[in-house]
Amino acid sequence: QSKLIVPKVSTTPNFNFKPATVKMPPYGEPDWSAPGATATPAPPAGMENVNHGVANQAPSKDRSKLWQNLISVLLMGLSSAMVALGVLTMLDNLSGPQDFAEYFIAIYLIFFATLLFFYELMWWCTIVPMNRLIRKNFGFIYKVRGKALYMIVIACLCIGIDSNILGKNNWLKWVAGIGWMATGIFIVFATFAAPTVFANYNSPTAGFPGSDPVEQLNETV
């Protein structure tokens with residue numbers, strides 16, 4: 001038969017135990033003046049506070065909404081310049097060579113610039129009937145890259161206006177055309193280089209029940 005072996009535990013107190021002593025500095029002197037003195041206990045093994053450098057970095061702020069607001073205001077200004085260019089082209093053409101092709105270009109510029117202006121206006125304050133009309137017929141403008149490519153195409157149409165018709169107003173053609181093209185290229189570049197700028201971009205969705213008001217980057221670009 002096997003016997004259960006119970007270890008013997010000594011109940012006699014050990015009076016030879018000596019706690020660790022810490023050399024403290026003289027009264028009135030700081031702790032660092034005495035080697036080995038510390039005001040706080042040492043952390044347990046494996047729990048040392050190691051600085052990996054991550055905590056040294058300043059917290060980054062989300063400025064995507066600020067960029068979206070600035071771009072929207074810029075597009076509204078460029079749209080107004082394009083409308084003014086179209087109107088001046090029609091007026092100068094009436095008193096000039098009266099080229100009918102320039103009339104069509106001017107009408108196109110006014111229409112497309114007005115379309116972009118009202119889209120950006122609805123981005124701030126959505127007008128439900130207008131949002132339905134524009135989204136059903138020009139849905140590509142509701143996507144970031146679609147709107148940017150749209151601006152590049154219209155900029156080429158703008159630069160193609162005959163300079164002889166505009167006369168002294170020819171500078172407006174270059175301001176509006178280069179402005180539209182440069183902004184369109186910048187938006188396309190930003191979607192690749194800094195996708196977080198448009199990651200939370202919200203296109204107008206009022207008037208479309210069941211649609212997700214927040215379109216993520218893979219849907220908006």
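So, how was this worked out
- Residues numbered from 1 in each chain as written.
- Predicted model: local features only at pLDDT ≥ 70, side-chain atom pairs only at ≥ 80, totals over all residues.
- Heavy atoms only, no water.
- Helix = DSSP H or I, 4+ residues; strand = E, 2+ residues; numbered from the N terminus.
- Contact = heavy atoms within 4.5 Å.
- Areas by Shrake-Rupley, 256 points an atom, 1.4 Å probe, with all protein chains shown as cover.
- Core = buried A, V, L, I, M, F, W, Y, C linked by side-chain atoms within 4.5 Å.
- Buried < 20%, exposed > 50% of the residue type's maximum accessible area, 1.4 Å probe, protein only.
- Axes fitted to C-alpha atoms, helices over the stretch in contact; angles between N-to-C directions.
- Parallel < 35°, antiparallel > 145°, perpendicular 65-115°, else oblique.
- Left-handed = near helix turned anticlockwise from the far one by under 90°.
- Nonpolar A, V, L, I, M, F, W, Y, C, P; charged D, E, K, R; others polar.
- pLDDT = per-residue confidence, 0-100.
- Phe/Tyr/Trp six-rings, centres within 6.5 Å; stacked < 30°, edge-to-face > 60°.
- Lys NZ or Arg CZ within 6 Å of the ring centre and 35° of its normal.
- Salt bridge = Lys/Arg side-chain N within 4 Å of Asp/Glu carboxyl O.
- Patch = residues over 30% accessible without salt bridge, like charges linked within 9 Å, V, L, I, M, F, W, Y side chains within 5 Å.

## Focus: the overall build of the protein chain
Consideration 1: Each helix and strand in the protein chain was counted, giving seven helices and zero strands.
Consideration 2: The N-to-C order of helical and strand elements in the protein chain reads α-α-α-α-α-α-α.
Consideration 3: Counting only contacts in the protein chain whose residues sit at least 6 apart along the sequence, the fraction spanning at least 24 positions is 67%.
Consideration 4: Surface summary for the protein chain: the accessible area is close to 14900 Å², and the carbon and sulfur share equals 66%.

## Some thoughts on the nonpolar core
Consideration 1: Met82, Leu85, Leu109, Ile141, Tyr150, Trp180 and Phe198 are the most contacted members of the largest nonpolar core, which totals 35 residues.
Consideration 2: Where this core is concerned, the elements lending two or more residues are helix 1 (64–94), helix 2 (100–124), helix 4 (144–159) and helix 6 (170–193).
Consideration 3: Ranked by the residues each element gives to this core, the list is headed by helix 2, at nine residues.
Consideration 4: With near-sequence residues (within four places) excluded, Leu109 lies in contact with Met82, Leu85, Ile154, Leu157, Cys158 and Ile161.

## Some details on the packing of helix 1 against helix 4
Consideration 1: One way to put it is that helix 1 packs onto helix 4 with a least axis distance of 12 Å and a crossing angle of 25°. In terms of their interaxial angle, helix 1 and helix 4 are classed as roughly parallel. Along this stretch, helix 1 crosses helix 4, giving a crossing that reads as left-handed. Seen from helix 1, the contacting residues are Leu75, Leu78, Met82 and Leu85; seen from helix 4, they are Lys147, Met151, Ile154 and Cys158.
Consideration 2: The class makeup of the residues in the contact of helix 1 with helix 4 is seven nonpolar, no polar and one charged.

## Quick look at the confidence of the model for the protein chain
As a note on interpretation, predicted positions should not be read in detail where pLDDT is low.
Consideration 1: When the pLDDT values of the protein chain are averaged, the result is 78; 65% of them are 70 or greater.
Consideration 2: Throughout residues 51–59 the model reports pLDDT below 50, and contacts reaching past four residues in sequence, or to other chains, amount to one contact.
Consideration 3: Across residues 212–220 the pLDDT falls below 50, and counting only partners more than four positions away or on other chains, this stretch makes 23 contacts in the model.

## Details of the packing of aromatic side chains
Consideration 1: In this structure the tally under the stated criterion is 14 aromatic pairs.
Consideration 2: An aromatic cluster is defined as three or more aromatic residues linked by ring pairs; in this entry it consists of Tyr108, Phe111, Phe112, Phe138, Phe140, Tyr150 and Trp180.
Consideration 3: In this arrangement the basic side chain of Arg145 is found over the ring face of Phe192, its NZ or CZ atom lying 4.2 Å from the centre.

## Things to note about the pattern of salt bridges
Consideration 1: Taken as a whole and judged by the stated rule, the model has one salt bridge.
Consideration 2: For Lys147, the salt bridge identified is with Glu120, shortest N-O distance 2.9 Å. Here Lys147 is found in helix 4, whereas its partner Glu120 is found in helix 2, with 27 residues between them in sequence.
Consideration 3: A relative accessible area of 6% means that Lys147 is categorised as buried.
Consideration 4: Take Glu120: its relative accessible area is 1%, and that puts it in the buried class.

## Thoughts on a nonpolar patch on the surface
Consideration 1: On the surface, Leu66, Trp67, Leu70 and Phe186 cluster together into a nonpolar patch covering about 400 Å² of accessible area.
Consideration 2: Top contributing element to the nonpolar patch by residue count: helix 1, with three residues.
Consideration 3: Within the secondary structure layout, Leu70 lies in helix 1.

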